[in-house]
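Structure at a glance
One letter stands for each residue in the lines below.
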Amino acid sequence: MKLNEGLIYANDNCIGCNHCILGCPVLGANISVTEGESNRIEVDGDACIHCGKCLEVCPHNARECIHDFRMSVNNVFPAVAGQNENGYVS
Ligand code: SF4
Ligand code: SF4
């Protein structure tokens, strides 16, 4: 599991309202994380297919997308792109 370290991630606006879970086509891509008395929903970067649906449905602007071309290619086409030891396209 790559929690909140993929292309799509939850920022500090997240209040754990679960709208993203309801809108996500991938079962288990959104993971509940408890910090003290608060709850937030983070993204499993290994499960997420980067469809962007959670960015649309989140009412709190709590979902963001990393704009990193190399990481994008690596995440979407890992078999084609190949990876170096840092997880980036070489
Ligand atoms: S919809 Fe947005 S605010 Fe609600 S749990 Fe998901 S990321 Fe957090
Ligand atoms: S980008 Fe798509 S697959 Fe990934 S967490 Fe959001 S809704 Fe789910």
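Up top you'll find the structure we're talking about.
So, here is what we can say about the structure in this document. (Residues numbered from 1 in each chain as written. Chains lettered and ligands numbered in written order. Predicted model: local features only at pLDDT ≥ 70, side-chain atom pairs only at ≥ 80, totals over all residues. Heavy atoms only, no water.)

**Let's talk about the nonpolar core**
Listed in full, the ten residues of the largest apolar core are Leu7, Ile8, Cys14, Cys20, Ile41, Val43, Cys48, Cys54, Cys58 and Ala62. The contacts of Cys14, once residues within four sequence positions are left out, are Arg40, Ile41 and Ala62. (Core = buried A, V, L, I, M, F, W, Y, C linked by side-chain atoms within 4.5 Å. Buried < 20%, exposed > 50% of the residue type's maximum accessible area, 1.4 Å probe, protein only. Contact = heavy atoms within 4.5 Å.)

**Describing the site of ligand 1**
With respect to spatial proximity, 13 residues lie near ligand 1, and among them Cys14, Cys17, Asn18, Cys20 and Cys58 are the closest. Here ligand 1 is seated within the second largest cavity. (Near = heavy atom within 4 Å. 1 Å grid on protein atoms, 1.4 Å probe; cavity = no way out; pocket = protein on both sides within 12 Å on 5 of 7 lines; lining within 4 Å. Sits in = over half its atoms within 2 Å of the grid points.)

**Describing the pattern of salt bridges**
This model, assessed by the stated rule, comprises two salt bridges. Linking Glu42 and Arg40 is a salt bridge whose minimum nitrogen-to-oxygen distance equals 2.8 Å. Assigned by exposure class, Glu42 and Arg40 land together as buried. Between Glu56 and Lys53 there is a salt bridge, with the nearest N and O atoms lying 3.6 Å from each other. (Salt bridge = Lys/Arg side-chain N within 4 Å of Asp/Glu carboxyl O.)

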